[in-house]
Amino acid sequence: MAEFEGKSVLVLGGSRGIGAAIVRRFAADGAEVTFTYSGSPEAAETLANETGAKTVRTDSADRDAVIATVRESGPLDVLVVNAGILIFGDALEQDPDAIDRLISINVNAPYHASVEAARSMQEGGRIIVIGSVNGDRMPVPGMAAYALSKSALQGMARGLARDFGPRGITVNVVQPGPIDTDANPADGPMKDLLHGFMAIKRHGRPEEVAGMVSWLAGPEAGFVTGAMHTIDGAFGA
Ligand code: NDP
């Protein structure tokens, strides 16, 4: 029997990049997968056709829509909150509305989605949020809002692990370093700078992150909670 046969998995932000790799991994392992998307309907449809996953268009900046999607997809065995955005630039010049939108997507949505998922989760439930090594280490200027959003997930996971641990539900953060996606292409202009911080001087692959998510969602990880799991080629070491 496949590892996640009969399990209900919701991935927030699954149309591209790391989220798409997570969708593929759970679908290949037998799960009933639903994923959300916002700006990439064609990528979402292609991935749904490939994997058999269900899709729901839900903007993670819309708190009530996120809560409704989580509620309507439940009860879940696994919630993965992957949707996230990066705004890069001079802190003194950035549009405050854009910063607040980043915080809505990267912080508020993970919090409200996690709480809503936990309402109906059974013992053994798993909540996994995609943070970033930038929650621990921010070695360049221009990314303070992003770093604050990823650090916030650490406190959230520690706290929600306490709230839901007695019910056998775990809450963990996966913290990638540079991963080859549209948001951070392996051949992009930042490549040499990023690899300079790393012991393994390459971008990671979305599938490598999906592998860690899968392990955290599986039966071997029932004692792992309130923790940050960094997968970064030693970017943060
Ligand atoms: P991409 O930009 O390649 O993909 C982002 C995914 O999130 C897409 O599926 C996108 O869907 C979805 N998404 C973004 N905004 C929204 C929104 N408002 N509502 C719903 N879905 C949304 O990013 P990555 O795959 O690189 O990143 C995924 C996660 O990993 C993020 O949280 C990011 O911060 C984190 N991360 C990435 C790293 C990297 O180097 N790539 C490093 C560390 C962390 P759509 O296009 O349909 O809107």
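Residues numbered from 1 in each chain as written. Predicted model: local features only at pLDDT ≥ 70, side-chain atom pairs only at ≥ 80, totals over all residues. Heavy atoms only, no water.

> How should the packing of aromatic side chains be read in this particular structure?
Aromatic ring pairs are described here by two measures, namely the spacing of the ring centres and the angle between the planes. Tallied over the full model, the rule gives two aromatic pairs. Ring geometry for F197 and F235: centres 5.4 Å apart, planes at 65 degrees, overall edge-to-face. With F197 in the loop between α6 (191-196) and α7 (206-217) and F235 in the segment after β7 (227-231), this residue pair connects regions lying 38 residues apart in the sequence. Take F235: its relative accessible area is 3%, and that puts it in the buried class. Across from the ring centre of F235, 6.0 Å away, lies the NZ or CZ of R137, which sits over that ring. (Phe/Tyr/Trp six-rings, centres within 6.5 Å; stacked < 30°, edge-to-face > 60°. Helix = DSSP H or I, 4+ residues; strand = E, 2+ residues; numbered from the N terminus. Buried < 20%, exposed > 50% of the residue type's maximum accessible area, 1.4 Å probe, protein only. Lys NZ or Arg CZ within 6 Å of the ring centre and 35° of its normal.)

> Whenever I open this one, the sheet that holds strand β1 (residues 8-12) confuses me. Can you help?
Within a sheet, adjacent strands bond to each other through the backbone by hydrogen bonds, running parallel or antiparallel. The seven strands lie next to each other as β3-β2-β1-β4-β5-β6-β7, forming an open sheet whose pairing is parallel. Looking at the sheet topology across the chains shown, the edges are occupied by β3 (54-57) and β7. Adjacent strand axes in the sheet meet at a mean angle of 20 degrees when their direction is disregarded. Judged from the five bridges that link them, strand β6 (residues 170-176) and β7 form a sheet pairing that is parallel. The residue of β7 that forms the bridge with V174 is H229. The strands that helix α2 (residues 41-51) touches are β2 (32-37) and β3; relative to β2, the one it contacts most, it runs at about 170 degrees. Contacts between helix α5 (residues 144-164) and the sheet are confined to β5 (126-130), β6 and β7, with β6 contributing the most and set at about 160 degrees to the helix. (Pairing = 2+ DSSP bridges. Axes fitted to C-alpha atoms, helices over the stretch in contact; angles between N-to-C directions. Contact = heavy atoms within 4.5 Å.)

> For this particular structure, what's the right way to read the site of the ligand?
Taken together, 32 residues surround the ligand, and among them G39, S40, N82, Y146 and T181 come closest. A distance of 2.8 Å is found between an oxygen atom of the ligand and a side-chain nitrogen or oxygen belonging to S15. Note that an oxygen atom of the ligand is positioned 2.6 Å from one of the side-chain N or O atoms of S40. Compared with its free state, where it exposes 880 Å², the ligand has 92% of that area covered by protein. Its atoms largely coinciding with the cavity grid, the ligand occupies the largest pocket. Of all elements in the fold, only α1 (17-28), α4 (96-120) and α5 reach the threshold of two or more residues within the shell around the ligand. (Near = heavy atom within 4 Å. Polar contact = N/O pair within 3.5 Å; in protein donor to acceptor, adjacent residues only side chain to side chain. Areas by Shrake-Rupley, 256 points an atom, 1.4 Å probe, with all protein chains shown as cover. 1 Å grid on protein atoms, 1.4 Å probe; cavity = no way out; pocket = protein on both sides within 12 Å on 5 of 7 lines; lining within 4 Å. Sits in = over half its atoms within 2 Å of the grid points.)

> Teacher, can you tell me more about unusual backbone geometry here?
Leave glycine aside and you will find that most residues have negative phi; peptide bonds, for their part, are mostly trans. Look at the link from G74 to P75: it is a cis peptide, with omega at 0 degrees. Tracing the backbone through its elements, the reader meets P75 in the loop between α3 (63-73) and β4 (78-81).

> Would you explain the environment of G165 in this entry?
Along the polypeptide, G165 turns up in the loop between α5 and β6. Distance in space between the C-alpha atoms of G165 and G125 is 9.9 Å, their sequence separation being 40 residues.

> Any chance you could explain the pairing of β6 here in plain terms?
Where a strand is regular, its side chains alternate between the two sheet faces. Across the seven residues that make up β6, a large majority, seven, are buried. Burial along β6 is two-sided: the face carrying T170, N172, V174 and P176 and the face carrying V171, V173 and Q175 are both buried. Two elements, β5 and β6, share five bridges in a ladder whose sense is parallel. Looking across to β6, one finds that I130 is bridged to V174. Regarding topology, α5 serves as the crossover connection from β5 to the parallel β6, and that connection is right-handed. (Right-handed = clockwise from strand over helix to strand, strands pointing away.)

Coordinates in, geometry out; function isn't part of it.
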